[in-house]
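The primary structure of each chain is shown beneath.
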Amino acid sequence: MRKTDLLTLTPAELAAYITGLGEPAYRARQVLAWLWPKDAASFMAMTNLPLALRERLERQAVIGGLSVAAREKSADGTEKLLFMLPDGQTVETVILPYRIGDSACISTQVGCRMGCRFCASGLPGFVRNLTMGEIAAQVLYVRRHLRARGSQLRGMVLMGSGEPLDNWEATISFLEAVKDPQRLGLSLRHVTLSTSGLVPGIRQLAAYGWPLNLAVSLHAPNNEIRNQLMPINKKYPLEVLLPACDEYAQKTGRRITYEYILIDGLNDEQEHAEQCAHLLAGRLCHVNLIPYNTVAELSWQASPQQKIQSFKAALAAKGISVTVRRKMGADIAAACGQLRNNYCGEPRNEG
Ligand code: SAH
Ligand code: SF4
């Protein structure tokens, strides 16, 4: 019999599950509190439940079902965890230390089907969606880990492996749990979802009107280059993607972050910066320039510092809000998907 993952259940479903075991309703509230605000790692840790109930839950249920398969810590404090899922698959989670508090970078799929040419997560292809419980368990693990060393989880980014809008249901149920005061109770203002640009998902998300930050992987100043880098651009080219992002900004009042990886000799020239400024002029947005993280299996290289700075200056000169992302965890292969690829051995190169 497959065990029930209690993290995937809404509070109402959990209440039905616990009372279905013949327990009084208040037990469900106790379990909910242990699972979410109290970060219990196991049923045995739920000390105010009768032992018989804890043993029964241990037999027939799980809390996310993740276990740590590998971990690496960077000199700059970035910590990378490789989680083993119940079916033996693995996904990565990164803990990002910031002065204002720690943040978690979490995965939504095993692999990814978007096939971006520069990305390690897409290299081995798509394996499966994570369940809502598997997404949530990454965050709960990180929060427990941070609490144990006296720090707090300030926010999170859905920027690990996978395309969150391609795993719509689990992602939405997870975001519901994040903002639910009975569960994670974290404002979506502290959460950023990164997408490669799935337009129907962006529009659906806009309709929710949540204050969730949206980051969009732009990476190119025109369709020609974006088509080379990201197959999704053929389906949703810039003239379709950007109006959807505008709608998101307008409905939520949140500015869009456009992520732009600078790859040497590919998208980092002055003319590209000017095209990019022209594309984004007048839009409620911010540009995050990302020095490319080298992927062992790929030949792309990061742009030199001086080119990164002149790209930034060209955008700023046109009045575009722009920053360069601090490079974190480069010594531990922090580019998404790399720890898993190293762990799984040689990825199948489909590029
Ligand atoms: N699938 C989503 C979210 C996960 S990827 C998306 O594509 O937006 C998170 C970010 O990391 C994206 O902006 C992605 O383009 C970027 N990225 C992927 N590989 C990278 C690499 N090798 N170096 C730097 N950034 C990378
Ligand atoms: Fe998937 Fe994002 Fe990597 Fe593209 S960049 S392959 S969408 S994880």
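Residues numbered from 1 in each chain as written. Chains lettered and ligands numbered in written order. Predicted model: local features only at pLDDT ≥ 70, side-chain atom pairs only at ≥ 80, totals over all residues. Heavy atoms only, no water.

## Structural notes on the nonpolar core
Thought 1: Core analysis: the biggest nonpolar cluster contains 110 residues, and Leu6, Trp36, Met156, Phe174, Tyr258 and Leu280 have the highest contact counts within it.
Thought 2: Summarising the domain contributions, this core has at least three residues from each of domain 1 (4–62) and domain 2 (67–344).
Thought 3: Setting aside residues no more than four positions away along its own chain, Phe174 makes contact with Ile106, Met132, Ile135, Ala136, Val139, Met156, Leu158 and Leu184.
Thought 4: Membership of the second largest hydrophobic core comes to six residues, among which are Val94, Cys105, Val157 and Met159. (Core = buried A, V, L, I, M, F, W, Y, C linked by side-chain atoms within 4.5 Å. Buried < 20%, exposed > 50% of the residue type's maximum accessible area, 1.4 Å probe, protein only. Domains from an automatic or database assignment. Contact = heavy atoms within 4.5 Å.)

## Thoughts on the side chain of Ser103
Thought 1: Looking at the element boundaries, Ser103 is found in strand β6 (residues 101–105).
Thought 2: Looking at Ser103, its side chain comes within polar contact range of the main-chain oxygen of Gly155, at 3.1 Å.
Thought 3: If sequence neighbours within four positions are ignored, Ser103 has contacts with Val94, Ile95, Leu96, Tyr98, Leu153, Gly155 and Met156. (Helix = DSSP H or I, 4+ residues; strand = E, 2+ residues; numbered from the N terminus. Polar contact = N/O pair within 3.5 Å; in protein donor to acceptor, adjacent residues only side chain to side chain.)

## Some points on the site of ligand 1
Thought 1: Around ligand 1 there are 18 residues in total, and Gly162, Ser194, Ser217, His219 and Asn293 lie nearest to it.
Thought 2: Glu163 is positioned with one of its side-chain polar atoms (N or O) 3.4 Å from a nitrogen atom of ligand 1.
Thought 3: The side chain of Glu259 places a nitrogen or oxygen atom 3.2 Å from an oxygen atom of ligand 1.
Thought 4: The fraction of the free accessible surface of ligand 1 (530 Å²) that becomes covered by protein chains is 94%.
Thought 5: Those elements giving two or more residues to the shell around ligand 1 turn out to be β10 (191–195) and β12 (256–262).
Thought 6: For the shell around ligand 1, a count of residues per class yields eight nonpolar, eight polar and two charged. (Near = heavy atom within 4 Å. Areas by Shrake-Rupley, 256 points an atom, 1.4 Å probe, with all protein chains shown as cover. Nonpolar A, V, L, I, M, F, W, Y, C, P; charged D, E, K, R; others polar.)

## Considerations on the packing of helix α1 (residues 11–20) against helix α2 (residues 25–35)
Thought 1: Contact geometry of α1 with α2 gives a least axis separation of 8 Å together with a crossing angle of 125 degrees. Between α1 and α2, the angle falls in the class oblique. Handedness of the α1/α2 crossing: right-handed. For the pair α1 and α2, contact is made by Pro11, Leu14, Ala15, Ile18 and Thr19 and by Ala25, Arg27, Ala28, Val31, Leu32 and Leu35, respectively. (Axes fitted to C-alpha atoms, helices over the stretch in contact; angles between N-to-C directions. Parallel < 35°, antiparallel > 145°, perpendicular 65-115°, else oblique. Left-handed = near helix turned anticlockwise from the far one by under 90°.)

## Description of the sheet that holds strand β3 (residues 67–73)
Thought 1: Across the sheet, ten strands lie side by side as β3-β4-β5-β6-β9-β10-β11-β12-β13-β14; this open sheet has mixed pairing. One side of each edge strand has no neighbouring strand; the edge strands of this open sheet are β3 and β14 (322–324). Adjacent strand axes in the sheet meet at a mean angle of 20 degrees when their direction is disregarded.
Thought 2: In this sheet, strand β5 (residues 90–98) lies alongside strand β4 (residues 79–84) in antiparallel orientation, the contact comprising six bridges. In the strand pairing of β5, Phe83 is matched with Val91.
Thought 3: Here helix α4 (residues 132–148) sits on the sheet in contact with β3, β4, β5, β6 and β9 (153–158), set at roughly 40 degrees to β5. (Pairing = 2+ DSSP bridges.)

## Topic: the site of ligand 2
Thought 1: All residues adjacent to ligand 2 are Cys112, Met114, Gly115, Cys116, Phe118, Cys119, Ser121, Gly162, Glu163 and Ser196.
Thought 2: Taken together, the residues of the shell around ligand 2 break down into five nonpolar, four polar and one charged.

## A word on the packing of helix α10 (residues 270–280) against helix α11 (residues 305–317)
The description of two helices packed together rests on the angle between their axes and the distance between the axes.
Thought 1: Their axes nearest at 9 Å, the elements α10 and α11 cross at an angle of 30 degrees. For the pair α10 and α11, the sense of crossing is right-handed. Facing α10, whose interface residues are Gln270, His272, Ala273, Cys276 and Ala277, α11 presents Ser310, Phe311, Ala314 and Leu315.
Thought 2: Tallied by class, residues from the contact of α10 with α11 come to six nonpolar, three polar and no charged.

## A closer look at the pairing of β12
Thought 1: Among the seven residues of β12, six are classified as buried, and the element is accordingly described as predominantly covered.
Thought 2: Summarising the sheet, strand β11 (residues 213–217) and β12 pair through three bridges and their orientation is parallel. Across the sheet, the residue bridging to Ser217 is Glu259, located in β12.
Thought 3: Inspection of the sheet shows β12 paired to strand β13 (residues 285–291) by seven bridges, in the parallel sense. Following the sheet pairing, Thr257 is matched in β13 by His286.
Thought 4: Regarding topology, α10 serves as the crossover connection from β12 to the parallel β13, and that connection is right-handed. (Right-handed = clockwise from strand over helix to strand, strands pointing away.)

## Details of the pattern of salt bridges
Thought 1: Following the criterion strictly, the structure yields 17 salt bridges and no others.
Thought 2: Taking the shortest distance from any N to any O, the salt bridge between Asp246 and Arg283 comes out at 2.9 Å. You can see Asp246 sitting in helix α9 (residues 238–252) and its partner Arg283 sitting in the loop between α10 and β13, a full 37 residues away along the chain.
Thought 3: A residue is classified by how much of its surface remains accessible, and Arg283, at 25% relative accessible area, is partly exposed.
Thought 4: The partner of Lys307 in a salt bridge is Glu269, with the nearest N and O atoms 3.1 Å apart. Residue Lys307 is found in helix α11, and its partner Glu269 is found in the loop between β12 and α10; the two are separated by 38 residues along the sequence.
Thought 5: Overall, the relative accessible area of 18% leaves Lys307 in the buried class.
Thought 6: Among the residues examined, Glu269 registers a relative accessible area of 31% and is labelled partly exposed.
Thought 7: Ionic contacts of the salt-bridge type, sharing partners, join the residues Arg71, Lys73, Glu79 and Arg149 into one network. (Salt bridge = Lys/Arg side-chain N within 4 Å of Asp/Glu carboxyl O.)

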